[in-house]
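What follows is the residue order along each chain.
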Amino acid sequence: MRLTNYFLPVLKESPSDAEIISHQLMMRAGMISQSSSGIYSWLPLGLRVLKKIESIVREEQDFAGVNEILMPTIQPAELWKESGRYEDYGKEMLRINDRQDREMLYGPTNEEQVTDIFRRSIKSYKELPQLLYHIQWKFRDELRPRFGVMRGREFLMKDAYSFDLNQEEAKLSYYKMFIAYLRTFERLGLNAIPVAADSGPIGGNLSHEFSIVADTGESEIFCDKNLLEISIDENIYSSNDKIIDVVENYLKFYSATDDKHDAKKFNNLVSKDNQVTGRGIEVGHIFSFGDKYSNPMKASIIGNDGKMSNVYMGSYGIGVSRLVAAIIETSNDEKGIIWPTSVAPFLVNIINLKNKDDKCMDKCIEIHNDLERSGIDSIVDDRDESAGKKFSDSDLIGFPVTLVVGPRELENGNVEIRFRREGNNQIIPYDNVLKIIKNKLFEE
Ligand code: ATP
Ligand code: MG
């Protein structure tokens, strides 16, 4: 891809309503365009990042054995009347009437819809457990949409749902998702902390929010530093015992959201040195809630004793579009964004210092093609802009690697390579470009 063919509306100044750094940088780097309050269009660069995050989330759900489906954005009100949430949800729900005057709504979440799918086809304990997920747009008419895609009204969510025979099995599904979340966030370059969250009045419920620490986080979190140092082995899903061991190891340590926090307990259980407190951005939330929906919606199954019982359920969300902003919040400097390799819109930006020089242009295209053949996505900055502007845009957008091709170095068979995170540059023979970039990107 050449920048002259790319739709990239880079802004000099950030819009005045952008209060936090991720919103400012997403606007300046031409990633999104506002449609109305809390509703955005994703432009090419932003969409590439969104898609990369979505793929990692999907791969980890699949790896954990969750089945992907796709439920509609528009749901019938009837289902929500069955669960009792139609009234409760209040003004956050966007309600629509179709031409037949039937009550519909734009889904803020999908517990009712997925419970309906389940109860239509699964009748026996033999068919359990079931784990389903989808990645779909949601609409919540937030009171105060703000911070760009961080708290939007329309946003992309991965939501998974589990169906189990009893509490014990439901706990295992919950633990599996707990692991899947840790793996997902790690691949996204994030240190997400599982914090115990309010799980409502029903006993046996479990709930954790996955939060990343950033000054702009909307809530306060508290945890034991030991929580951040646990590692998970690659074959974790090979046995249930392993899954249970690892998660219960996490659960040993204190963690809490502000509404669950108990200062006295925190001070008693966690030494001063190990107390971590900070603002957290909630990027995921897992919840095990028994028969909250299966009871009113009559999603019951026949057990091996021949008796009918309500299925045990859980739901598990990840804010896919929020993650784009959350990653930027934790990874930027005064020049702009610093993308982790796994989600960078392009891994390499090849700057042509002299567009009119055929040799330079040919070299850029040659390197670009070599990189693409190796599965490393790159873009050529062939715009008629000054070198300074090209460098500053490259830093603003945050490509992990920038290559600079100019006539003088090219004469000697060299190009310049710059690494965004380290901020250093080096002259290297262009024959080594591929090797050096591969080493660099895989070492991270
Ligand atoms: P919050 O407390 O931030 O309002 P929530 O608890 O209402 O979120 P959940 O229902 O748990 O959200 O949704 C799952 C995930 O979806 C959240 O962890 C968050 O990452 C994301 N999310 C929720 N609301 C929004 C929003 N308005 N804009 C962007 N992402 C959101
Ligand atoms: Mg939540």
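Notes on the structure follow. The shown structure was predicted, so the numbers you read here are calculated from the model rather than taken from an experiment. In this numbering scheme, every chain counts its residues from 1 along its sequence in written order. The lettering of chains begins at A and the numbering of ligands begins at 1, in the order of writing. Residue-level local features of this predicted model are given only where pLDDT is at least 70; pairs of side-chain atoms are given and counted only at 80 or more, and the full residue set underlies all totals for whole chains, interfaces and linings. Side-chain metrics rest on all non-hydrogen atoms present in the structure, leaving aside hydrogens and water.

**Focus on the overall build of the protein chain**
The cut-off we apply is this: Working definition: helices are DSSP H or I runs of at least four residues, strands are E runs of at least two. Numbering for both runs from the N terminus. When we talk radius of gyration, it's over C-alpha atoms, and the globule rule is simply 2.2 Å times the number of residues to the 0.38. Burial classes follow relative accessibility: with a 1.4 Å probe on protein chains only, a residue under 20% of its type's maximum area counts as buried, one over 50% as exposed, and anything between as partly exposed.
A tally of regular secondary structure across the protein chain gives 13 helices and 23 strands. Over its C-alpha trace the protein chain gives a radius of gyration of 25 Å, about what one expects of a compact globule, namely 22 Å for 444 residues. Each of the three principal axes of the protein chain carries a C-alpha extent, and together these read 80 × 60 × 40 Å. Among the 444 residues that make up the protein chain, the fraction classed as buried is 52%.

**Some points on the packing of aromatic side chains**
Rules: Between 30 and 60 degrees the pair is tilted, below 30 it is stacked and above 60 it is edge-to-face, where a pair is any two Phe, Tyr or Trp rings, Trp via its six-membered ring, whose centres lie within 6.5 Å. A ring is scored as having a charge over it whenever the NZ atom of a lysine or the CZ atom of an arginine sits within 6 Å of its centre and within 35 degrees of its normal.
As enumerated under the stated definition, the model contains 15 aromatic pairs in all. For the ring pair Phe118 and Phe163, a centre distance of 4.2 Å and an interplane angle of 5 degrees mean the geometry is stacked. Highlighted residues: Phe118 in helix H5 (residues 111-121) and Phe163 in strand S8 (residues 154-164), separated in sequence by 45 residues. Phe163 carries the same exposure label as Phe118, and that label is buried. One aromatic cluster in this structure is built from Phe178, Tyr181, Phe185, Phe210 and Tyr250. Looking at Lys363, its charged tip hangs above the ring of Tyr430, at a distance of 3.4 Å from the centre. Of note, Arg418 hangs over the ring of Phe391, and the distance from its end group to the ring centre comes to 4.1 Å.

**A closer look at the sheet that holds strand S5 (residues 94-97)**
Sheet strands pair via backbone hydrogen bonds, and the direction of the pair is either parallel or antiparallel. Counted only if it meets this: For two strands to be treated as a pair, DSSP must find at least two bridges joining them. Throughout, an axis means a line fitted to C-alpha atoms (over the contacting stretch in the case of helices), and angles, computed between N-to-C directions, take values from 0 to 180 degrees.
Spatially, S4-S6-S5 is the arrangement adopted by the 3 strands of the open sheet, whose pairing is antiparallel. Strands with a single pairing partner mark the edges of an open sheet, and in this sheet they are strand S4 (74-76) and S5. Adjacent strand axes in the sheet meet at a mean angle of 35 degrees when their direction is disregarded. Relative to strand S6 (residues 103-106), S4 runs antiparallel, the two sharing 3 bridges. Counterpart to Ile74 in the pairing with S6 is Tyr106.

**Quick notes on the coordination of the magnesium ion (ligand 2)**
Where we set the bar: Here a donor is any nitrogen, oxygen or sulfur atom (N, O, S) within 2.8 Å of the metal, with 3.2 Å used for Na, K and Ca; water is not among the atoms considered, so some sites may look incomplete.
Looking at the magnesium ion (ligand 2), the protein donor atoms are Glu282 (OE) and His285 (ND1), and they sit 2.3 to 2.4 Å from it. Looking at Glu282, the relative accessible area reads 28%, which means it is partly exposed.

**Here we look at the packing of helix H2 (residues 44-63) against helix H6 (residues 167-187)**
Quick note on the threshold: If an angle is under 35 degrees, it is roughly parallel; if it is over 145, roughly antiparallel; if it lies from 65 to 115, roughly perpendicular; otherwise it is oblique. Helix crossings fall into two classes, left-handed where the near helix is turned counterclockwise from the far one by less than a right angle and right-handed where it is turned clockwise. The criterion used for residue contact is that any of the two residues' heavy atoms lie within 4.5 Å. For this classification, Asp, Glu, Lys and Arg are treated as charged, while Ala, Val, Leu, Ile, Met, Phe, Trp, Tyr, Cys and Pro are nonpolar and the rest, including Gly, are polar.
Viewed as axis vectors pointing N to C, H2 and H6 meet at an angle of 150 degrees, and their least axial separation amounts to 9 Å. It follows that H2 is roughly antiparallel to H6 by the angle criterion. Crossing handedness for the pair H2 and H6: right-handed. Residues Ile56, Val57, Glu59, Glu60, Gln61 and Phe63 of H2 lie in contact with H6, whose contacting residues are Met177, Ala180, Tyr181, Arg183, Thr184 and Arg187. Looking at the contact of H2 with H6 residue by residue, the class counts come to 6 nonpolar, 2 polar and 4 charged.

**Notes on helix H1 (residues 21-28)**
Among all positions of H1, only Ser22, His23, Leu25, Met26 and Met27 are buried. Buried-residue contacts for H1 involve strand S1 (32-36), strand S2 (39-42), helix H9 (320-330), strand S17 (332-333), strand S18 (336-337) and helix H11 (387-397). Looking at the residues trailing H1, positive phi occurs at Gly30, about 65 degrees.

**Observations concerning the nonpolar core**
Applied cut-off: By convention a nonpolar core is built from buried Ala, Val, Leu, Ile, Met, Phe, Trp, Tyr and Cys residues, the set being connected through side-chain atoms within 4.5 Å.
By size, the foremost hydrophobic cluster in this structure holds 97 residues, and its most contacted members are Met31, Ile53, Phe185, Trp339 and Ile437. Here this core gets 10 residues from one element, more than from any other, and that element is H6. Not counting residues up to four positions away in its chain, the partners in contact with Ile53 are Leu188, Val320, Leu323, Val324, Ile327 and Val343.

**Description of the pairing of strand S16 (residues 312-319)**
Note on strand geometry: in a regular strand, side chains alternate between the two faces of the sheet. Summarising burial for S16: 7 of the 8 residues are buried, a large majority. Where S8 and S16 come together, 8 bridges link them in antiparallel fashion. The partner of Ser162 across the bridge, within S16, is Gly314. With 6 bridges joining them, strand S13 (residues 275-290) and S16 adopt antiparallel strand pairing. Pairing of Phe287 across the sheet is with Ser315, part of S16.

**Examining the site of ligand 1**
The line we're drawing: For each residue, the test is whether any non-hydrogen atom lies within 4 Å of the molecule or strand; if one does, the residue is near. We define a polar contact as two N or O atoms separated by no more than 3.5 Å, with the added condition that, inside protein, one atom must be a possible hydrogen donor and the other a possible acceptor, whereas residues neighbouring each other in sequence contribute only through side-chain atom pairs.
Surrounding ligand 1, one finds 14 residues, the nearest of these being Arg140, Glu142, Arg151, Gly152 and Glu282. Take Arg151: an N or O atom from its side chain is 2.7 Å from an oxygen atom of ligand 1. The separation between an oxygen atom of ligand 1 and a polar main-chain atom of Gly319 is 3.4 Å. Breaking the shell around ligand 1 down by element, the ones donating at least two residues are S8 and S13. If you tally residues by element for the shell around ligand 1, the top one is S13, at 4 residues. Of the residues contributing to the shell around ligand 1, the split by class is 5 nonpolar, 4 polar and 5 charged.

**Observations concerning helix H10 (residues 358-373)**
Test applied: A helix's residues, less one, multiplied by 1.5 Å, set its expected span. Comment: arc refers to directions from the helix axis out to C-beta atoms.
The end-to-end C-alpha separation of H10 is 22 Å, in line with the 22 Å expected for 16 residues at 1.5 Å each. Considered for burial, the residues of H10 that qualify are Cys360, Met361, Lys363, Cys364, Ile367, His368 and Leu371. Projected down its long axis, H10 shows its buried positions confined to an angular sector of 165 degrees, all on one face. Within H10, the exposed residues directed more than 90 degrees away from the buried face are Asp358, Lys359, Asp362 and Arg373. Buried residues in H10 make contact with strand S19 (348-352), strand S20 (378-381), strand S21 (401-405), helix H12 (407-411), strand S22 (414-419) and helix H13 (433-443). The N-cap of H10, judged by a side-chain oxygen 2.8 Å from the amide nitrogen of Lys359 a few residues on, is Asp357. Of the residues trailing H10, Gly375 is marked for its positive phi of about 80 degrees.

**A word on the environment of Trp137**
The topology assignment puts Trp137 in strand S7 (residues 130-139). Looking at Trp137, the relative accessible area reads 25%, which means it is partly exposed. C-alpha of Trp137 to C-alpha of Glu416: the two residues are 279 residues apart in sequence and 42 Å apart in space.

Interpretation note: all reported values are geometric properties and have no functional meaning in isolation.
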